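Now for the letters of each chain:
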Amino acid sequence: MSTQSSPFVVAATVAARKKAESIEKMKADLILPARAVRRLRPYDPVSSLDKIVHNGEGPEPLKLDWNESTMPPAPGVREALTKFLSATPRLNWYPPLAAGPLLQRLGDYTGLTSSSILVTNGSDDCLNLVCTTYLDEGDRVLVPYPTYTHLLVFAGARGAHIDPVAYDDPFKGELKAIMGAMTPATRLLYLVNPNNPTGVLYTPAEVRKILNAYPGTVVVVDEAYHEFGSQTCAPLVDEYPNLVVIRTFSKSFGLAGMRVGYLLAQPSRIQDMRRVHNPKSVNVMGLVAAAAALDDIPHMQRYVAQVTQSKELACKELSLSGLEVVNTPANWVLLRVPCPSVAIEALEKERVFVRDRSVFPQLYGFIRITLGTIEQTNELLVRLKRAFSELGWLQEG
Ligand SMILES: *Cc1c(COP(=O)(O)O)cnc(C)c1O
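1. What to know about the packing of aromatic side chains
- A complete count under the given rule lists seven aromatic pairs for this structure.
- Each ring, one from Tyr145 and one from Phe360, has its centre 5.6 Å from the other, and the planes form 80°; the classification is edge-to-face. Here Tyr145, found in the loop between strand E3 (140–144) and helix H7 (150–157), pairs with Phe360, found in the loop between strand E12 (355–356) and strand E13 (366–370); they are 215 residues apart in sequence, far enough to count as distant.
- Tyr145 gets classed as partly exposed once you look at its relative accessible area, which sits at 26%.
- Given a relative accessible area of 5%, Phe360 falls into the buried group.
- Residues Phe249 and Tyr262 carry aromatic rings whose centres are separated by 5.8 Å and whose planes lie at 50° to one another, so their mutual orientation is tilted. Of the two residues, Phe249 sits in the loop between strand E7 (243–248) and strand E8 (261–264) while Tyr262 sits in strand E8, which places them 13 residues apart along the sequence.
- By relative accessible area, Tyr262 is classed as buried at 1%.
- One residue, Arg368, lies across the ring of Trp332, its end atom 6.0 Å from the ring centre.

Rendered as structure tokens:
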């Protein structure tokens, strides 16, 4: 028998297949994201973790790209987790909904009552919660830019309109610029303080001016890095019903993998947000770890002190080598290089992982380097100078 089908049979088969495909496509096209979400693009995270995990050989990697702590959390965290896991098998139960012991410690730590605190699944979850609770389609959101972009996604998904505010010098805040861009229609202001990645910092007195002038605007102050040495706006919460302060355990406390954050606001605001907040969203291990971290605040403070010294050391050494470096009140410095992608590749060969921030036009040429202990910073400087001198980027000193 011939294996060749007649031209007629082939044509009929192709037609049938095409018809089936077009029906499948029509079915797939029936499902679309919400209108506002269609305007967003899938987030393409760039993390060095895969490279670090899969290239095991070589010197100790220096993961300095995501502003995580470079150190494990307080020893008590591991002990508390081990104890929790070896006690009754409580992983089969949902977490305690009131986050009791953690909430109590957060009250002591922040100086606010527990009715002013909401614990969340990382502080990114706070950002989502604020946007879901307060934003309607078409609302205006003011954002000094460049900044941490997650809020823009959550606000965009609500169909809100983002109004970016740019400063003349991206490294110098201008309250005037923010105040000038605010209108009574500004539903929400997102102020990362100190700002990631520029380090711009406003004092509580300056934030107070905004809160006073715009009582109808939800002012979100993201204090992810406040432990690294800046004054907090937490004490203003009792005075201002329009203030939401956001905090995290991911940076100074070294618990990024545990996903715990919290927000501070007046009890009536907390009640607003509890309409959409999922009380099960923080997992049991996160609750245990965060409470244990707060039992050893001196551990966190010692780390912060090291980071502060590391920043000074890095700024001094790098500027002596003729590089332009910008210090920040957080846990990183910014470094201007002739070509960020070349710098990143050269540093990766040294197993140093940093973040290209030149995606922001205002930060053209800048890479962001998270800093940790002094020992790690000394090692960073050795490797960075080796890589950059090979590229001819260092001034002979
Ligand atoms: C790192 C960071 C966060 C932290 O997010 P988590 O979800 O708590 O890990 C929040 N805001 C800013 C500005 C950050 O840089």
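Picking up after the structure, the text goes on.
2. Remarks on unusual backbone geometry
- Put simply, Tyr145 and Pro146 share a cis peptide bond, and its omega is 5°.
- Structurally, Pro146 is set in the loop between E3 and H7.
- For the bond running from Asn193 to Pro194, omega is -5°, close enough to zero to count as cis.
- Mapped onto the elements, Pro194 comes out in the loop between strand E5 (186–192) and helix H9 (204–213).
- Non-glycine residue Arg259 carries a positive phi angle of around 60°.
- The backbone of Arg351 shows a phi angle near 60°, a positive value even though the residue is not glycine.
- Tracing the backbone through its elements, the reader meets Arg351 in the loop between helix H13 (340–349) and strand E11 (352–353).

What counts, and where the lines are drawn
- Residues numbered from 1 in each chain as written.
- Predicted model: local features only at pLDDT ≥ 70, side-chain atom pairs only at ≥ 80, totals over all residues.
- Heavy atoms only, no water.
- Phe/Tyr/Trp six-rings, centres within 6.5 Å; stacked < 30°, edge-to-face > 60°.
- Helix = DSSP H or I, 4+ residues; strand = E, 2+ residues; numbered from the N terminus.
- Buried < 20%, exposed > 50% of the residue type's maximum accessible area, 1.4 Å probe, protein only.
- Lys NZ or Arg CZ within 6 Å of the ring centre and 35° of its normal.

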